[in-house]
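Structure at a glance
This is what each chain is made of:
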Amino acid sequence: FIWSNNVLWEIQRMTQEEFLVRTQETTDEYLTNAYCAEPVKIRTSDGRLMTTLCEDVFSLANLEIQTLQENLSKQSDLFLLAINVIFSRMHLRQVQYRDTFLHDFDSCCAASNDFIHMSEQMEEVTSRLLETSELSEESATAIREITAELIVLYGNDAIYAAQSVHVHVFEPIRHAISDDLFGWEWEDKLTRNELALTLVRTVDDFMSDLKKCMGDFLLKKTLDALIPASTMFYLRCLLRKATIKRHNRVIHFFNNEKALGRMQGDIETMQEYFDSFLYAFPPLKRVIDAEFGILRAVHEIMKAANDNSCGDAFDPILLLHKQLLDVSITNQLVIDLRD
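Below or above, wherever it landed, is the structure these notes cover. (Residues numbered from 1 in each chain as written. Predicted model: local features only at pLDDT ≥ 70, side-chain atom pairs only at ≥ 80, totals over all residues. Heavy atoms only, no water.)

1. Digging into the packing of helix 4 (residues 77-97) against helix 6 (residues 137-163)
Between two packed helices, the angle of one axis relative to the other and the distance separating the axes together describe the packing. Contact geometry of helix 4 with helix 6 gives a least axis separation of 10 Å together with a crossing angle of 15°. Considering their axes alone, helix 4 and helix 6 lie roughly parallel with respect to each other. In this structure, the crossing between helix 4 and helix 6 has a hand that is left-handed. For the pair formed by helix 4 and helix 6, the contact residues are Leu80, Ile83, Asn84, Phe87, Ser88, Met90, His91, Gln94 and Val95 on the first element and Ser139, Ile143, Ile146, Thr147, Glu149, Leu150, Leu153, Tyr154 and Asp157 on the second. Tallied by class, the residues present in the contact of helix 4 with helix 6 amount to ten nonpolar, six polar and two charged. (Axes fitted to C-alpha atoms, helices over the stretch in contact; angles between N-to-C directions. Helix = DSSP H or I, 4+ residues; strand = E, 2+ residues; numbered from the N terminus. Parallel < 35°, antiparallel > 145°, perpendicular 65-115°, else oblique. Left-handed = near helix turned anticlockwise from the far one by under 90°. Contact = heavy atoms within 4.5 Å. Nonpolar A, V, L, I, M, F, W, Y, C, P; charged D, E, K, R; others polar.)

2. Side note on the packing of helix 11 (residues 256-275) against helix 12 (residues 284-306)
As a packed pair, helix 11 and helix 12 sit with axes 11 Å apart at the nearest point and diverge in direction by 175°. As the angle between them shows, helix 11 and helix 12 are arranged roughly antiparallel. Facing helix 11, whose interface residues are Asn256, Glu257, Leu260, Met263, Gln264, Ile267, Glu268, Met270, Gln271, Phe274 and Asp275, helix 12 presents Ile288, Asp289, Phe292, Leu295, Arg296, His299, Met302, Lys303 and Asn306. Of the residues that constitute the contact of helix 11 with helix 12, the class distribution is nine nonpolar, five polar and six charged.

3. Notes on unusual backbone geometry
Phi at Phe182 takes a positive value of approximately 70°, unusual for a residue other than glycine. Summarising the element assignment, Phe182 is placed in the loop between helix 7 (165-177) and helix 8 (184-188). Given the relative accessible area of 0%, Phe182 is considered buried. Its identity is not glycine, yet Asn193 carries a phi of approximately 55°, on the positive side. The class for Asn193 is buried, based on a relative accessible area of 14%. (Buried < 20%, exposed > 50% of the residue type's maximum accessible area, 1.4 Å probe, protein only.)

4. Focus on the nonpolar core
Counting 96 residues, the largest nonpolar core has Val57, Phe58, Phe87, Met90 and Val203 as its most contacted members. Ranked by residue count, the leading element in this core is helix 10 (residues 216-247), at eleven residues. Not counting chain neighbours up to four residues away, the residues in contact with Val57 comprise Leu31, Ala34, Tyr35, Met90, Met118 and Tyr154. (Core = buried A, V, L, I, M, F, W, Y, C linked by side-chain atoms within 4.5 Å.)

Now the structure itself:
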């Protein structure tokens, strides 16, 4: 508010360059305080988890824009330059501090909602600025370009925050089942795909919270990350077990047929769960088909290796390569699976 009250006096006594530097310093100081403050988490009336970050950031933007409009000619170069300074510093600080808001499950949910709200706020700020400022077409185009970058940045960061949830979802899953997957009990005793069910139920527990915390757009983006996270977790556990057993010169499974059957059941269990979201989010089918196509190709390669049938493995190897798009990775993966 001190800056707002004294801006006219500063404009009069400063050169244009000095005023822009002062505007940058003031904006940086305020934004740094906003981003570094302990976030205050709130629940909206519809149950979404957020913080006061958006309000803190845009209270500054609105104040500075209003002050500039009141004290500078809207047709002046200085007005346009000062607006660009404010928005460019907002862009810089968002890039700088984004990841500091993603340290656990709740913070990722809140950040995703904060960032999507900031994207919406930026659209409103742009519309209001263009409506209340008598800008030339050239100046208006310049404003639209820089604000469009901010709108896209906030929107992409909202998606990134939502998809970062998978890291925290799979932490308890990793502790619970990664050591037991593809072990002797998994092969011989857990006849109902209990470990795959543990994965599915844990994901579903988190999904229950996510449905309360975020809207459909971000929820779908979160599922876009949870699906490949599930298949890659399963494949990573398989390759880790194969590597350990090969180095220790022990057999991979006691009964290959039984193990292959257990894998097929695991894959079906996981895919059936994610298929249950297709009614609400039909575009997920492409992600599900692609990601579980990798697991099915891996299963077919192992099945062909067990049958000593190289010809039967050719099609799934091609499918695997189509998904991985890297000859060396595909080749190494096939070697690990067939050894």
